[in-house]
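# Structure at a glance
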Amino acid sequence: MDKLMTKLSENILDKFSMDFLRNQVLKNAYGNDHTLIAKLDPRVLLAWYVFFGLVPWFVNDTVFLFGCFALVTITTLLAQVAGLVLFLFGLGVFSQTGYLFLATLLFGGDTTAILPLLLLTLKVATVSLASITVFSGLDPDRLSIGLMWYGCPEQFSFSVSYAYRMLPLLMEEFQNVLLSYRLRGNPPAHETFKGKVQYLIYQVKIIIHAFYPLMLNTAKRSRTTVEALELRGYRYAASNPQVRKIKFSALNITHRDMLFAAVSFLWVAVTMLLASIL
Amino acid sequence: MNAIEIRQLTYTYPGAERPILNGIDLDVEKGDFLAIVGNNGCGKSTLCKTLNGLIPHFISGEFGGSVCIGGQNTLETDVGQLAQTVGYVYQDFENQIVRPTVLDDASYACLNYAYQDYEQRGRQALALCGLQGKELDYVWQLSGGQTHLLALAGAVSLGPDILILDEPIAQLDPGHADAIYEVLKELNQKHGKTIVVIEHHTEYIANYCRNVLLLKDGKVEWKLPTQQALQRVEELQACNIFPPQITVAGFALQQQGRLPKTAQLPTTIEQAKDCFSQLQYRPQAEMNDKPNRQEAVAEFKEVWVGYRSVKGEPRRIFNGVNLTLYRGEKIALIGSNGAGKSTTMKLLTGLLRPAQGEVLIGGQNIKHKKAEELSRQISLVYQNPEQMFIKDSIRGDIAYAMQVRGVADWQQRTEQLLQQFQLTELAERDGRLMSGGQMRRASLAIGVALEPSILLLDEPTANLDIATRKEIMKTLNNMKQITETVMIATHDMQLVCDWAERIIVLYGGEVVADGTRDEIFGNIPLCQKVGIRPPEIFAMAQQLDAKALCYTVESFLNDFKESDHG
């Protein structure tokens, strides 16, 4: 426990640095536009997601769920998702249901108790992986055009891509504010166990404190951005149907999309067949 | 027809007591290249915002008089239509870029105004602004200068007749600044655009602009052709505008009776060649202090550094750098954008670890030291002072580091620092709401609060107008007594010349030169290779005599004497 605590408190700011985070976020958003998934038409992918994001919740057949899980695992691999996202996925699934599953096993629960838990874990994992495939395999711009095509308001889809444009800036800003705290602050000595706990609390406190300057700095920046958006016709575009048309004309469905849809369909069909046989 | 016609324009910001623009009459011809100069807060930016309709359509306030753009009254049209006639590039241009990739951003406005050929227009604008081949890059991969060009391309893409730029080169190194002005020149001459710049750098005004407009207290003082405008040395200086050093030198020569009073003052090196031809270089005996290098305070030993990149291989920043800093030195670290100046500072403060090699502070390897532990020995003042304000008042910010460390009589010391940096009256203000110069002074005060033995300053004079820059330079000179070792990373060669005792030049991940200002600026091939531009007066002296090394107007006046037979 002591060791774990040391590691945690040492790592929270050092290894898990903002630089690393920023890099992972960017990698996730833009670093994989050469993959098969990224080249698909966003509309097809979103439709695909509606199936794999919803259906697993309502099905309780283990074979079918395993089949779906296998497929989304493959698509996630194809999308070459950044390591951090996969790590968060693992952590998320485990914290949701995985630990219950383990606990049941440890305390001698029999298969009747495990099965429903396994099912739930499978469902959560399948849906999560499908989400990861779509939201991190596609770059934010293609994603937002796809969303718009399905009738999402322009403002929403703009926000998605604008957020990605701003994230690296915000993280850099945050990193620098944090550094100010680090360089000028006086962290508690952390040789003893008690010191380490205090150090951890201190670090978390700093992260919270750093939000105040971050917000103010961002507010200051956004004044120009708001004016620039006005000048660059952002409001014009929202009310002009012509603009939507031009944006959608960039989308087109190719053989690749057909193939992807067909393979997914076949896969599901075969899984259903297997599910009814087994 | 005039591109811009303004009649009796008055404007008051909401809540302000006095009008910021107070009866402006102005005609700007089509195809003009106009520089607007004036004191801080004299309404330059406000005037420009009335041209693109942001005032009064987007920013309310009391508006009187009329502004006509291309014959159309701005009151009768809207921001969207005006945007297609008037392009605007902000001073904080990076906040005007809203899309992640270069081509996307350049064509964004065209798409919004529903041009079918928006992508084509974006590409053309990029080509005009010298950004071909960067179309698919992400905006955060661009250097400061390229980002500015992109902001310009975004404005150019709509094909406006008028382009307005608010302090286009304030943040750029000379190479990038030239690039911007060359682009503007081409847009002006080849494409017939009317260009309006708010500019403090009179050297650039002399070389590129056709007319100069002086604003004073919300009124047009005069609008004159550049050559005539820059002759008014005293009047400009009274408004905190500093004419080109050459003009100032010429003016001083006139005052000393060494040039006829009636003579036209030179504004560019070309003109000055004839004007100063009777001068000969006769340097005063110079004191040559041998730097005293006894105690090393920081050392780099074979340091290699690379950065993670989003795609592909990590980028190499340092290739085996060796460097020693000695106690008491005043060092300037120069090199183009991305040469590794910030990396050096991050390594010294322990924020970045070398991939290979060692960094020593006070003889100790800092590999296992935390940035917090180093902060008593070494302190870093960021380029962007806003990021140093973590409390809600300047007093709190200055006191913070001393307070949490329980420094004895920290309260007294805070007061002392506030006084030293002329911040006593501003002590309760939030740092972010102060002017550029005040923010910078506050950040310096924060930096020296712990009395570090090494003080690092990242671009302390960037983004400041010239008057404020001079003020900060004075502060830096005064600080020489209270700080031991100081290292400044900067593009500002005037600062380097006036302040530094030792200059280190970084280029391509290596230290390519290290010496006094004479050794660096006297080495012409080096300056050309690395892209160092010495101050204009230095270049002027070099034109007259290749042996001359003059860094200030005063030394130019002292070291050049009239030739006996002239």
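Criteria and thresholds
Residues numbered from 1 in each chain as written. Chains lettered and ligands numbered in written order. Predicted model: local features only at pLDDT ≥ 70, side-chain atom pairs only at ≥ 80, totals over all residues. Heavy atoms only, no water. Helix = DSSP H or I, 4+ residues; strand = E, 2+ residues; numbered from the N terminus. Rg over C-alpha atoms; globule rule 2.2 N^0.38 Å. Buried < 20%, exposed > 50% of the residue type's maximum accessible area, 1.4 Å probe, protein only. Contact = heavy atoms within 4.5 Å. Areas by Shrake-Rupley, 256 points an atom, 1.4 Å probe, with all protein chains shown as cover. Lys, Arg positive; Asp, Glu negative; His and termini not counted. Charge placed at Lys NZ, Arg CZ, Asp CG, Glu CD. Expected span 1.5 Å × (residues − 1). Bend = angle between axes of the 7 residues up to and from the residue. Pairing = 2+ DSSP bridges. Axes fitted to C-alpha atoms, helices over the stretch in contact; angles between N-to-C directions. Domains from an automatic or database assignment. Buried area = accessible area lost by both parts, 1.4 Å probe. Salt bridge = Lys/Arg side-chain N within 4 Å of Asp/Glu carboxyl O.

Let us look at the overall build of chain B. Along chain B, the regular secondary structure elements total 23 helices and 22 strands. Scaling as 2.2 N^0.38, a compact globule of 566 residues should have a C-alpha radius of gyration of about 24 Å, and chain B matches this with 25 Å. Expressed along its principal axes, the backbone C-alpha trace of chain B runs to roughly 70 × 65 × 50 Å. Taking all 566 residues of chain B together, 58% fall into the buried category. Put simply, of all contacts in chain B between residues at least 6 apart along the chain, 65% involve residues at least 24 apart. Carbon and sulfur atoms provide 44% of the accessible area of chain B, an area that totals close to 23,200 Å². Distance between charge centres in chain B, computed from 55 positive and 69 negative side chains, equals 4 Å.

Take helix α11 (residues 211-231) of chain A next. Residue and element names in this part refer to chain A. Compared with the 30 Å implied by 1.5 Å per residue over 21 residues, the 30 Å span of α11 between its first and last C-alpha is a close match. Taking the largest bend as the criterion, α11 deviates by roughly 30°, centred on Ser-222. All buried positions along α11 are accounted for by Pro-213, Leu-214, Asn-217, Arg-221, Thr-224, Thr-225, Glu-227, Ala-228, Leu-229, Glu-230 and Leu-231. Just beyond α11, the residue with positive phi is Gly-233, at close to 80°.

What follows concerns the sheet that holds strand β10 (residues 219-225) of chain B. All names here are of chain B. Pairing is mixed across the open sheet formed by six strands, whose spatial order is β6-β7-β8-β3-β9-β10. At either end of the open sheet lies a strand with only one pairing partner, and these are β6 (86-89) and β10. Between one strand axis and the next, the sheet turns through 20° on average, direction left out of account. Two strands pair when backbone bridges link them, and strand β9 (residues 211-216) and β10 are joined in this way by six bridges, in the antiparallel orientation. Bridge assignment links Asn-211 to a residue of β10, and that residue is Pro-225.

Residue and element names in this part refer to chain B. Pairing is antiparallel in the open sheet, where four strands are placed in the order β2-β1-β4-β5. Sheet topology places β2 (21-29) and β5 (72-73) at the edges, where each strand pairs with a single neighbour. The pairing of strand β1 (residues 2-12) with strand β4 (residues 62-69) spans seven bridges and is classified as antiparallel. Across the sheet, the residue bridging to Ile-4 is Ile-69, located in β4. Sheet contacts for helix α1 (residues 44-51): β1, β2 and β4; angle to β1, the most-contacted strand, approximately 120°.

Bring the parts together and some accessible area is lost; that lost area is often taken as the interface size. Residue and element names in this part refer to chain A. Assigned domains within chain A: domain 1 (1-30 + 152-239) and domain 2 (31-138 + 253-278). For domain 1 versus domain 2, the separation of C-alpha centres amounts to 30 Å. Taken together, the contact pairs nine residues of domain 1 with ten residues of domain 2. Between domain 1 and domain 2, roughly 660 Å² of surface is buried when both sides are summed, and carbon and sulfur atoms account for 49% of that area.

Let's shift gears to the pattern of salt bridges. Residues and elements named next belong to chain B. Summed over the entire model, instances satisfying the criterion amount to 27 salt bridges over all chains. As a salt-bridge pair, Asp-117 and Arg-121 come within 3.4 Å of each other at their nearest N and O atoms. The class for Asp-117 is partly exposed, based on a relative accessible area of 37%. Assessed through its relative accessible area of 22%, Arg-121 is described here as partly exposed. In this structure, Asp-492 and Arg-469 form a salt bridge, with 3.0 Å as the shortest nitrogen-oxygen distance. Taken together, the residues span a long stretch of sequence, with Asp-492 in the loop between β19 (485-489) and α19 (493-499) and Arg-469 in helix α18 (residues 466-479) at a distance of 23 residues.

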